[in-house]
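Descriptive structure summary
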Amino acid sequence: MSSPRKPTDSTPAKDYEVGFRRPPVATRFKPGNKGNPNGRPKKRPTVGQIIEASLMTKVTVVENGRSKAMTAQEVIIRKLTLDAAGGDKRAVQTLFSLRDRYQDSNETTLDTTDLQSDDRKILDDYFAALQRNGVGGSSSSFDSGAVSDEQPSTSDDAEGNV
């Protein structure tokens, strides 16, 4: 039994069967052309992503006669602080509510001197496991006095290479 001939682009063979994985010759992609030349459209950023990106853009500010680069977010917070110091009641209210919301509190920090020996052993074992897995920094950061409930730092953070 002879297999059907492969048709050329210019002349389709009469014995060529169209079927699964065998498209008609006229509708095939021409050599050198892609099926989707523009590719998948880029995903549009969300409003939150746009705001975050704009707050993280670097801005040059003159402070005390010297140019200084800082993020737009830092500039906004410094301006809010200056307005509050100048007597703007709304700025004072906003600044203190932000401080209360984002400062470390007794609920988010922990004094390691108040820990019982069982609790301290659990934390030491946890930090040792992180070190073995290459995830966390040294357990000496635990002995420094206060531990916050933030995510464990990576080895880059422990070395100061942020």
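Everything that follows concerns the structure shown earlier in this document.
We now turn to the structure provided with this report. (Residues numbered from 1 in each chain as written. Predicted model: local features only at pLDDT ≥ 70, side-chain atom pairs only at ≥ 80, totals over all residues. Heavy atoms only, no water.)

Our next topic: the pairing of strand β1 (residues 58-63). Counting buried positions over the six residues of β1 gives zero, only a small fraction of the element. By the bridge criterion, six bridges tie β1 to strand β2 (residues 66-71) in an arrangement that is antiparallel. Looking at the pairing, V62 lines up with S67 of β2. Where β1 hands over to β2, the hairpin turn is made up of two residues, of which N64 adopts a positive phi near 55°. (Buried < 20%, exposed > 50% of the residue type's maximum accessible area, 1.4 Å probe, protein only. Helix = DSSP H or I, 4+ residues; strand = E, 2+ residues; numbered from the N terminus. Pairing = 2+ DSSP bridges.)

This brings us to the pattern of salt bridges. Side chains that carry opposite charge are capable of pairing whenever their charged atoms lie near each other. Scanning the entire structure with this criterion turns up five salt bridges. The partner of K68 in a salt bridge is E63, and the shortest N-O contact between them spans 3.8 Å. For K68, a relative accessible area of 35% gives the class partly exposed. A salt bridge links D83 to K79; its shortest N-O distance comes to 2.9 Å. One end of the pair, D83, and the other, K79, are both in helix α2 (residues 72-85), four residues apart, so they sit about a helical turn from each other. Residue class for D83 comes out partly exposed when judged on its relative accessible area of 28%. One continuous salt-bridge network, built from bridges that share partners, spans E63, K68 and R78. (Salt bridge = Lys/Arg side-chain N within 4 Å of Asp/Glu carboxyl O.)

Further remarks concern the packing of aromatic side chains. A complete count under the given rule lists one aromatic pair for this structure. For the pair Y126 and F127, a centre-to-centre distance of 5.6 Å together with 65° between the ring planes defines the contact as edge-to-face. Overall, the relative accessible area of 14% leaves F127 in the buried class. (Phe/Tyr/Trp six-rings, centres within 6.5 Å; stacked < 30°, edge-to-face > 60°.)

The α-helix winds at 3.6 residues per turn, so residues separated by three or four positions along the chain end up facing the same way. In this model helix α4 (residues 117-132) runs 22 Å from its N-terminal to its C-terminal C-alpha over 16 residues, within 8% of the 22 Å that 1.5 Å per residue would give. The positive-phi residue at the C-terminal boundary of α4 is G134, with phi of around 75°. (Expected span 1.5 Å × (residues − 1).)

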